Amino acid sequence: MIDTQLIRRQFPILDREVHGKPLVYFDNTATSQTPMRVVEEINRMYTRHHANVHRGVHCMSVEATDLVENARRKVCAFINAPSPEEIVFTRGTTEGLNLVAASYCRLLSPGDEIILTEMEHHSNIVPWQLAAQQYGLVIKVVPILADGSLDMEAFRGLFTDRTRLVSVAHASNVLGTVNPVAEIAAYAHARGCVVVVDGAQAVPHFKVDVQAIGADFYAFSGHKMYGPTGVGVLYGRRDLLEKMPPYQGGGEMIGHVSFQGTTFADLPYKFEAGTPDYTAIPALTTAIEFIESLGIENIEQHEQMLYDLALRRLKEEIPGFRLFGEAPGKCPVVSFLVGNAHHYDTGMLLDHLGIAVRTGHHCAQPLMAALGVEGTVRASFAVYNTPEEVDVFVNALKRVAQMLN
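Note that the coordinates shown come from a computational prediction; the quantities given were computed from them, not determined experimentally.

A. Structural detail: the overall build of the protein chain. Looking only at helices and strands, the protein chain has 14 helices and 17 strands in total. For 405 residues, the compact-globule estimate of 2.2 N^0.38 gives 22 Å, and the C-alpha radius of gyration of the protein chain, at 22 Å, lies within 12% of that figure. In terms of its C-alpha atoms, the protein chain occupies a principal-axis envelope of roughly 70 × 55 × 35 Å. Within the protein chain, counting contacts between residues at least 6 apart in sequence, those at least 24 apart form 71% of the total. With the model as given, the accessible surface of the protein chain reaches about 16600 Å², and the carbon-plus-sulfur share is 52%. Of note, the protein chain has its 33 positive side-chain charges centred 2 Å away from the centre of its 45 negative side-chain charges.

Right, here's the structure in full:
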């Protein structure tokens with residue numbers, strides 16, 4: 001069971017007011033809030049262990065290095081990766097996807113094909129477009145069905161003897177759709193293709209096992225899972241990472257440098273050029289420990305309860321309510337419009353009532369085009385949200401709908 005009152009005491013920001021109203025924070029898909037234990041760990045790194053890692057023999061450098069490498073091992077276990085050496089620290093999901101697109105695509109040939117889906121975040125579209133332009137690759141797109149799920153028949157029909165890579169969101173940041181990534185990976189692997197998974201919206205909400213789903217690469221961000229901002233993770237299969245050239249050059253990622261040539265460090269350091277965020281990376285360990293202390297299954301059940309409550313009341317009580325994304329087993333995301341009200345106006349008025357939601361295209365403009373809308377309002381839930389907040393949200397939206405329609 002989730003004791004939300006006990007949990008909320010760990011998040012002082014939830015006690016603040018917005019426009020004179022108690023804050024209801026329903027923008028968790030964009031970023032989750034951070035518990036004090038994570039903030040305290042960052043502060044401890046600055047005040048006790050602030051020294052560059054991997055390079056020093058003095059005590060503080062060794063301590064900081066140990067904490068960073070402990071975080072790598074923690075992440076490895078959290079997603080059931082085979083080895084810590086397959087865990088690359090990045091600045092976030094976006095950098096992880098860019099790393100794979102910029103590096104792995106150098107191994108491809110002009111005319112080779114990449115399969116994406118209509119529901120991807122821009123971070124899982126634009127890097128592949130840049131690589132396609134540079135290396136003469138072809139991008140194909142899987143459409144979605146009316147309920148927001150992938151058209152798997154169309155997916156299978158896109159493969160040819162030139163298909164080399166599939167990149168797909170584990171869960172949609174707009175629709176909440178949880179894609180059948182294990183099925184996708186099995187089909188792609190049977191045809192000799194590599195599978196990249198954007199896990200930004202999955203890791204905070206349900207158990208992820210990269211080996212079970214068959215991901216060759218899996219990227220996610222700390223700031224969406226109660227962790228620090230500016231830290232992300234890329235898991236990559238060892239044999240693939242070893243084949244790939246470095247994404248960036250600099251210190252840390254080298255074996256030996258001369259003006260005649262450079263050799264590169266072993267995994268994972270080959271892909272970690274420059275000074276890492278050694279103050280924040282250990283705090284990712286603390287965020288994972290926070291999730292584990294509650295139990296990811298308990299978090300999932302709590303968020304599903306909030307989603308079910310919100311959706312039932314919204315459908316029953318808000319005239320003109322339109323939901324986008326009704327695939328079975330979806331994540332706790334409610335993307336919607338109300339009548340003819342503009343999403344921006346709806347979000348602004350909700351903000352003045354103390355409720356933080358996201359409005360716009362959510363960095364998924366191709367999906368908005370497929371849905372036939374300019375943008376939506378998005379409410380998304382986390383472990384610290386409560387049924388009482390759902391009531392406040394629905395009652396506020398009633399007022400807003402009356403004002404705008």
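Structure shown, so let's carry the discussion forward.
B. Main features of the packing of helix H3 (residues 59-78) against helix H10 (residues 281-294). Viewed as axis vectors pointing N to C, H3 and H10 meet at an angle of 35°, and their least axial separation amounts to 8 Å. In the crossing of H3 with H10, the sense of the turn from one axis to the other is left-handed. Judged by residue contacts, Leu67, Val68, Asn70, Ala71, Lys74, Val75 and Phe78 of H3 engage Ile281, Pro282, Leu284, Thr285, Ile288, Glu289, Ile291 and Glu292 from H10. Considering only residue class, the contact of H3 with H10 consists of 10 nonpolar, two polar and three charged.

C. View of the nonpolar core. Tyr218, Val383 and Tyr384 are the most contacted members of the largest nonpolar core, which totals 77 residues. With seven residues, the top contributor of residues to this core is H3. Residues in contact with Tyr218, not counting those within four places in the same chain, are His170, Val197, Gly199, Ala202, Val203, Val208, Val210, Ile213, Val233, Leu234 and Tyr235. Formed by 28 residues, the second largest nonpolar core is a distinct cluster that contains Leu350, Leu353, Ile355 and Val400.

D. Fine view of the sheet that holds strand S13 (residues 321-324). Reading across the sheet, the four strands line up as S13-S14-S17-S16 and stay open at both edges, with antiparallel pairing between neighbours. The sheet terminates laterally at S13 and strand S16 (358-360), the two strands that pair on one side only. In this sheet, neighbouring strand axes are inclined to one another by 30° on average, regardless of whether the strands run parallel or antiparallel. In this sheet, strand S14 (residues 333-338) lies alongside S13 in antiparallel orientation, the contact comprising four bridges. Looking across to S14, one finds that Arg322 is bridged to Leu337.

E. How the structure looks around the sheet that holds strand S9 (residues 217-221). Read across the sheet, seven strands follow the order S4-S10-S9-S8-S7-S5-S6 without closing on themselves; strand pairing throughout is mixed. Since the sheet does not close on itself, it has two edges, and those belong to strand S4 (87-90) and strand S6 (138-142), each with one partner. When the angles between neighbouring strand axes are averaged without regard to direction, this sheet yields 20°. Strands in contact with H3 are S4, S9 and strand S10 (232-236); relative to S4, the strand with the most contacts, it is inclined by about 115°.

F. Structural view of the packing of aromatic side chains. Counted according to the given criterion, the structure contains 14 aromatic pairs. Relative to Tyr226, the ring of Phe11 has its centre 6.3 Å away and its plane inclined at 65°; by these criteria the two rings are edge-to-face. Here Tyr226 lies in the loop between S9 and S10 and Phe11 lies in the loop between helix H1 (4-8) and strand S1 (17-18), a separation of 215 residues in the sequence. Since its relative accessible area comes to 1%, Tyr226 is described here as buried. Here a set of aromatic residues connected by ring pairs shows up, and it is made of Phe26, Phe321, Phe336, Phe381 and Phe393. Seen from the ring of Phe78, Lys207 lies directly overhead, with NZ or CZ sitting 5.6 Å from the centre.

G. The packing of helix H4 (residues 93-104) against helix H5 (residues 126-135), seen in detail. Close contact between H4 and H5 brings their axes to 9 Å; oriented N to C, the two are set at 15°. Comparing the axis directions of H4 and H5 gives the class roughly parallel. Taken as a pair, H4 and H5 cross one another with a handedness that is right-handed. Touching Leu97, Asn98, Val100, Ala101 and Ala102 of H4 are Pro127, Trp128, Ala131 and Tyr135, all from H5. Per-class residue counts for the contact of H4 with H5 are eight nonpolar, one polar and no charged.

Reading the values: rules and limits
- Residues numbered from 1 in each chain as written.
- Predicted model: local features only at pLDDT ≥ 70, side-chain atom pairs only at ≥ 80, totals over all residues.
- Heavy atoms only, no water.
- Helix = DSSP H or I, 4+ residues; strand = E, 2+ residues; numbered from the N terminus.
- Rg over C-alpha atoms; globule rule 2.2 N^0.38 Å.
- Contact = heavy atoms within 4.5 Å.
- Areas by Shrake-Rupley, 256 points an atom, 1.4 Å probe, with all protein chains shown as cover.
- Lys, Arg positive; Asp, Glu negative; His and termini not counted.
- Charge placed at Lys NZ, Arg CZ, Asp CG, Glu CD.
- Axes fitted to C-alpha atoms, helices over the stretch in contact; angles between N-to-C directions.
- Left-handed = near helix turned anticlockwise from the far one by under 90°.
- Nonpolar A, V, L, I, M, F, W, Y, C, P; charged D, E, K, R; others polar.
- Core = buried A, V, L, I, M, F, W, Y, C linked by side-chain atoms within 4.5 Å.
- Buried < 20%, exposed > 50% of the residue type's maximum accessible area, 1.4 Å probe, protein only.
- Pairing = 2+ DSSP bridges.
- Phe/Tyr/Trp six-rings, centres within 6.5 Å; stacked < 30°, edge-to-face > 60°.
- Lys NZ or Arg CZ within 6 Å of the ring centre and 35° of its normal.
- Parallel < 35°, antiparallel > 145°, perpendicular 65-115°, else oblique.

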